[in-house]
Amino acid sequence: MKNRFSILCLLLSYATFCQSKVDQSKSELKSGSSSSNSSSSSNNHSNSNSCSNKNDDDSDDCIWLDITIGFFKYGLIGDYNNEDHLYNNLTDYPYYNKESGNYENYKSIDADTLKKDFRFDLENNLLYSSNRLYGNHLKVKIRPFHYFYVQTDFHQLYEKNDLSNTTDRLSLFHFNLGYDRVRFENVNLGWTIGASYVGNDVKKAGLSFGINTEMFFSHNISLAAAAKWSAINGKPVNVYDIQARYHTNRYFVSLGFEHLRIASPNYNFISLGGGIYLN
């Protein structure tokens, strides 16, 4: 009897060990975290009580309201009355004039020159971790003008499952509204907010926010970095991305590193790809 029990434990341990990271991520996203829902509800209850107690002093409410408005205006959006860089123009593509990145000084544009604001950025990167784990990252960014933009990211991950002799797949989407808070010629820095979604047999979504930047150096070389944080069904879904890019006319090639955390599993990839700027 003991021998049978030992064999059963060994088989279960082997099955757990052989479970792919992709399959584990999907299983955890589907099951979620029951404790997170209860804690969030208790937090909401306590927050509602604490907020109701703050209504005793109207002056305190006004102070906090001013702080919130100030943070939103000066921290996230910017002061258009005093920050000239917020009016800088979107370039047709980086280094089109041998020096500017995504933005150029609006004062350097000839008043008689018709400036187009629209730009469509398309990028694709192959992701490699091992012969068992690899993927693809497609990124589409639509800039209708130089203030806001819309960005979609699509990660498709593949992992060979030795136990079932199949390939597990995970599809991760991000749909974001983006804003560049800093728009200098040699650097831009901004934030994104939107939603994340995991397809396949998970089919669940969550809120997403992030930050990104790109710094432009000499010899048509730039360094881009981005981070996105999200939670789906109480589990973290985070993406970190850093790239070195070489630009030539409307095209660029890139080499970088991507780190993903989808539920408890972590994924590390070398990325190789490129992109094009259209308008």
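Our structure is the block above this text.
These figures come from a predicted structure and were not determined experimentally.

Before going further, it helps to spend a moment on the pattern of salt bridges. According to the stated counting rule, one finds 13 salt bridges in the structure shown. Close ionic contact of Arg132 with Asp162 constitutes a salt bridge, the shortest N to O distance being 3.3 Å. A residue pair is termed long-range when its members are at least 10 positions apart, and Arg132 in the loop between β3 (119-128) and β4 (133-143) and Asp162 in the loop between β5 (148-161) and β6 (166-183) qualify at 30 residues. Note on Arg132: relative accessible area 32%, which makes it partly exposed. With a relative accessible area of 57%, Asp162 lands in the exposed category. Notably, a salt bridge pairs Arg245 with Glu214, separated by 3.3 Å at the nearest N-O pair. Taken together, the residues Arg245 in strand β10 (residues 235-248) and Glu214 in strand β8 (residues 204-216) connect sequence positions 31 residues apart. Across this residue pair, the class does not change: Arg245 and Glu214 are buried. Via salt bridges that share partners, Arg119, Asp121, Arg143 and Asp180 belong to a single interconnected network.

In this section: the side chain of Asn125. Tracing the chain through its elements places Asn125 in strand β3. At 2.9 Å, the side chain of Asn125 and the side chain of Ser254 are in polar contact.

What follows concerns the sheet that holds β4. The strand order around the closed barrel formed by 10 strands is β3-β4-β5-β6-β7-β8-β9-β10-β11-β12, and the pairing between neighbours is antiparallel. Averaged over all neighbouring strand pairs, the angle between strand axes comes to 20 degrees, with direction disregarded. The pairing of β5 with β6 spans 14 bridges and is classified as antiparallel. Considered in β6, the bridge of Lys160 is made with Thr167. Contacts between helix α2 (residues 21-31) and the sheet are confined to β4, β5, β6, β7 (187-198), β8, β9 (221-232), β10, β11 (251-262) and β12 (266-278), with β6 contributing the most and set at about 70 degrees to the helix.

Parameters and conventions
Residues numbered from 1 in each chain as written. Predicted model: local features only at pLDDT ≥ 70, side-chain atom pairs only at ≥ 80, totals over all residues. Heavy atoms only, no water. Salt bridge = Lys/Arg side-chain N within 4 Å of Asp/Glu carboxyl O. Helix = DSSP H or I, 4+ residues; strand = E, 2+ residues; numbered from the N terminus. Buried < 20%, exposed > 50% of the residue type's maximum accessible area, 1.4 Å probe, protein only. Polar contact = N/O pair within 3.5 Å; in protein donor to acceptor, adjacent residues only side chain to side chain. Pairing = 2+ DSSP bridges. Axes fitted to C-alpha atoms, helices over the stretch in contact; angles between N-to-C directions. Contact = heavy atoms within 4.5 Å.

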